[in-house]
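Observations on the three-dimensional arrangement
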Amino acid sequence: MSQIKEDLICEIIRLSQANLLDKKCANMSCEAQEEVAVDWIRKNAADYRVGYHSRLDAYSASKLGEILKDLSKTGKELSDILADIETSSV
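Presented here is a report on the structure given in the accompanying data block. (Residues numbered from 1 in each chain as written. Predicted model: local features only at pLDDT ≥ 70, side-chain atom pairs only at ≥ 80, totals over all residues. Heavy atoms only, no water.)

1. Considering the overall build of the protein
Scanning the protein from terminus to terminus reveals four helices and zero strands. C-alpha extents for the protein along the principal axes are approximately 40 × 25 × 20 Å. Looking at the protein as a whole, 31% of its 90 residues qualify as buried. Excluding contacts between residues fewer than 6 apart, the proportion of contacts in the protein whose partners are at least 24 apart in sequence is 66%. Carbon and sulfur atoms form 53% of the exposed surface of the protein, whose accessible area is close to 5,700 Å². Across the protein, the mean location of the 12 positive side-chain charges is 3 Å away from that of the 16 negative side-chain charges. (Helix = DSSP H or I, 4+ residues; strand = E, 2+ residues; numbered from the N terminus. Buried < 20%, exposed > 50% of the residue type's maximum accessible area, 1.4 Å probe, protein only. Contact = heavy atoms within 4.5 Å. Areas by Shrake-Rupley, 256 points an atom, 1.4 Å probe, with all protein chains shown as cover. Lys, Arg positive; Asp, Glu negative; His and termini not counted. Charge placed at Lys NZ, Arg CZ, Asp CG, Glu CD.)

In structure tokens:
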């Protein structure tokens, strides 16, 4: 895998996790947000990263760029973006 593609996948996963945590913590105090985020990262981040890395590896670098752009613009989580892609390709 090229370094560019690897970097895109890492950034997509990072941004998706950030979007997910933003939604989970939207109406919480700062202290509660931090506690929820740290707890989620401790329990889920590694599995999230591994699971999505293998799925994203199947996409071209240009498609990964589109996915990153969608995540940035919409604030969606990766499962939503991939579901939209898979639905539209059927």
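Still more ground to cover, so stick around.
2. Quick word on the pattern of salt bridges
Inspection of every chain in the model, using the stated rule, returns seven salt bridges. The partner of K5 in a salt bridge is D57, with the nearest N and O atoms 3.9 Å apart. Of this pair, K5 sits in helix α1 (residues 3-24) while D57 sits in the loop between α2 (30-56) and α3 (61-74), and the two are 52 residues apart along the sequence. A salt bridge links E86 to R55; the shortest N-O distance between them is 2.9 Å. Of this pair, E86 sits in helix α4 (residues 78-88) while R55 is found in helix α2, placing the two residues 31 residues apart along the sequence. Since its relative accessible area comes to 38%, E86 is described here as partly exposed. It is possible to trace a salt-bridge network through shared partners that takes in D39, R42 and K43. (Salt bridge = Lys/Arg side-chain N within 4 Å of Asp/Glu carboxyl O.)

Just geometry here; none of it tells us what the structure is for.
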